[in-house]
Amino acid sequence: MNGAESLARTLVASGVDVCFTNPGTSEMHFVAALDRVAEMRCVLALFEGVVTGAADGYARMTGRPASTLLHLAPGLGNGLANLHNASRARSPVVNVIGDHATYHKQYDAPLNADIEGVARPYSKWLRTSKSAADVARDGAEAVAAARTAPGQIATLILPADTAWNEGSGVVAAQPVPPPAPVASSAVERAAALLKGGGKGAILLAGAALQRTGLARAGRIAAATGAELLAPYSIARIERGAGIVPVDRVPYPIDQAVERLKHLSYLILVGAPAPVSFFAYPGKPSVVTPKECVIHTLARPEEDLLGALDTLADAVDARDATPALQQHERQPTPSGPVTLQGIGGVIASLIAEGMIVVDESITSGRSLLAMTRGCPPHDWLPNPGGSIGFAMPVAVGAAVACPDRKVLCLEGDGSGMYTLQSLWTMAREKLNVTTILFANRTYQILKGELANVGAGNPGRRALDMLEIGRPDLDWVGLAHGMGVPAWRAETLDDLRRHAAAGLASQGPSLVELVL
């Protein structure tokens, strides 16, 4: 058994049974090994940013790492934008990056580069295998590192000769340390704030935003009067009827400051203190009031659910009844396209168990408010802000949850970063319906231009913010990738075509012209 096969079988033994791939010459022995390991599902993508985004989406829905397979430093570099998002999502990912054979490195061949240097900013664990005998052990340790709370990226660099030389055989899965318990002093301080009066909130992230964590936080809120909030930048939230509702801190800085201005304290559970996404002249970076006390109950790597349980005991909230979101169905809007109408149509489409991947940004401003009372579903936003995440994450979510429908909300500008995702959806017959908001512009950047006080843009500036002339034909692009697609110009069109796509098996796309 060569090093490549020993690694592939070790990954499977460690619970990694999906590999999102875009390989090259240095990875050919690993490709051949995967052909012999039937337990590993291999999913090809035509761009490395789709590979890394899909691994992120898979991890968000399963809590387990998938493997990526990428080619040398340029291949890894192509995937970095969505590794940034995966890092911010605290998604467990195991990267396998091929490299030149150890004896070939000295000749500085054209594709030679510092792979560790490219990988280091987003890899909490990073290693280059020194020999074929080390590969399987290194792989097992990479999986354990990726699964260490709260989830992180582990990158294993595999020189070609460590793949083709004789390996050590399969190495057993390595133990994964449990999340650390929170300090009793952190619980005591949080309880004192909750009992001390004043208007406060609990800011939740990670596992605290899934149904079990929300129920525990909801009991604390019911007993103390504290608000429940989530950061704007989150990886996943369970929401809808029967689930404890949470408000998300708004993205626009003025709205965020207004939303939080009354707080006298803020308790962090796996979340960072809220700050503005960017710096703006004359506006604060910190969006909480200066007098607001910010206290960390639990850091991301600590036991968030245990922290909420302990805090519930400390404030006598174990038996409190949390407020649950009630089921609400509004009449489905029709007629001309409006932002409010888009929110209403999408709310009418959401069914129980659906996974919504949201990169709508400008066009989706009304979505969270309009979809609160829908049947229970998962919502996956972009925690890292690097655009082009939604369609790749939808690929990974659909691979992770083949029995659930995925609704992908994508902008035309950001969609162009990773439109190759559509091809993978078609090849794998994934149940993803994409609503593509075609406003022919980077609308979010026009707002940012005003926010930073850069003045009134002229034609040359606008040409850097608009993507018309020629208009993108998303129906044609989707058809070219093998995905059925329709164009919608009214809310009625949007509802009819999206409902048809969701009712079918396999992928579909609706281009909504704005």
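In this report, we go over the structure that sits alongside the text. As the structure is a computational prediction, the values presented were derived from the model and not from experiment.

The packing of two helices is summarised by the inter-axis angle and the distance between the axes. Their axes nearest at 9 Å, the elements helix α15 (residues 390-400) and helix α17 (residues 421-428) cross at an angle of 20°. Judged by the inter-axis angle, α15 sits roughly parallel to α17. Pair α15 / α17 crosses with left-handed handedness. Of the residues in α17, those touching α15 at Met 391, Pro 392, Ala 394 and Val 395 are Ser 421, Leu 422, Thr 424 and Met 425. Partitioning the contact of α15 with α17 into residue classes produces six nonpolar, two polar and no charged.

Close approach of charged atoms allows side chains with opposite charge to pair. The tally for this structure, following the rule as stated, stands at 29 salt bridges. The salt bridge partner of Arg 211 is Glu 238, with a shortest N-O separation of 3.9 Å. Linking Arg 211 in helix α10 (residues 211-224) with Glu 238 in strand β9 (residues 237-239), this pair joins segments that are 27 residues apart in sequence. On the accessibility criterion, Glu 238 (14% relative accessible area) is buried. Arg 372 is the partner of Asp 247 in a salt bridge, and the nearest nitrogen-oxygen pair spans 2.2 Å. Of this pair, Asp 247 sits in strand β10 (residues 247-248) while Arg 372 sits in the loop between α14 (367-370) and β14 (377-380), placing them 125 residues apart in sequence. Taking relative accessible area as the criterion, Asp 247 reaches 29% and is therefore assigned partly exposed. Since its relative accessible area comes to 29%, Arg 372 is described here as partly exposed.

Burial analysis of strand β16 (residues 432-438) places seven of its seven residues in the buried class, which makes it a mostly covered element. Residues Val 432, Thr 434, Leu 436 and Ala 438 line one face of β16 and the alternating positions Thr 433, Ile 435 and Phe 437 line the opposite face, and both faces are buried. Bridging between strand β15 (residues 406-411) and β16 involves six bridges; their strand directions are parallel. Counted as the bridge partner of Leu 407 is Thr 433 from β16.

Okay, helix α13 (residues 339-349) next. Among the 11 residues in α13, nine count as buried, and that is most of the element. Looking only at α13, the buried set comprises Gly 341, Ile 342, Gly 343, Gly 344, Val 345, Ile 346, Ala 347, Ser 348 and Leu 349. Residues of α13 that are buried make contact with α14, β15, β16, α21 (491-503) and β18 (508-513).

Moving on: the packing of helix α9 (residues 184-195) against helix α12 (residues 304-314). Between α9 and α12, the shortest axis-to-axis distance is 9 Å and the interhelical angle comes to 50°. When the axes of α9 and α12 are compared, the pair comes out oblique. As for how α9 packs across α12, the hand of that crossing is right-handed. Residue-level inspection shows Val 187, Ala 190, Ala 191, Leu 194 and Lys 195 of α9 in contact with α12, the latter providing Thr 310, Leu 311 and Ala 314. Of the residues contributing to the contact of α9 with α12, the split by class is six nonpolar, one polar and one charged.

Let's shift gears to unusual backbone geometry. Glycine aside, negative phi is the norm for most residues, and most peptide bonds take the trans geometry. The omega torsion across Ala 149 and Pro 150 is 5°, close enough to zero to call that bond cis. Topologically, Pro 150 is positioned in the loop between α7 (132-147) and β6 (153-159). Geometrically, the link from Arg 469 to Pro 470 is a cis peptide bond, its omega value of 10° lying close to zero. Checked against the element boundaries, Pro 470 lands in the loop between α19 (459-463) and α20 (474-480). Although it is not a glycine, Arg 90 sits at a positive phi angle of roughly 55°. Take Arg 90: it is sitting in the loop between α5 (80-89) and β4 (93-99). Despite not being glycine, Asp 316 has its phi angle at roughly 55°, a positive value. Counting through the fold element by element, Asp 316 comes out in the loop between α12 and α13. Among the residues examined, Asp 316 registers a relative accessible area of 67% and is labelled exposed.

Procedures and definitions
Residues numbered from 1 in each chain as written. Predicted model: local features only at pLDDT ≥ 70, side-chain atom pairs only at ≥ 80, totals over all residues. Heavy atoms only, no water. Axes fitted to C-alpha atoms, helices over the stretch in contact; angles between N-to-C directions. Helix = DSSP H or I, 4+ residues; strand = E, 2+ residues; numbered from the N terminus. Parallel < 35°, antiparallel > 145°, perpendicular 65-115°, else oblique. Left-handed = near helix turned anticlockwise from the far one by under 90°. Contact = heavy atoms within 4.5 Å. Nonpolar A, V, L, I, M, F, W, Y, C, P; charged D, E, K, R; others polar. Salt bridge = Lys/Arg side-chain N within 4 Å of Asp/Glu carboxyl O. Buried < 20%, exposed > 50% of the residue type's maximum accessible area, 1.4 Å probe, protein only. Pairing = 2+ DSSP bridges.

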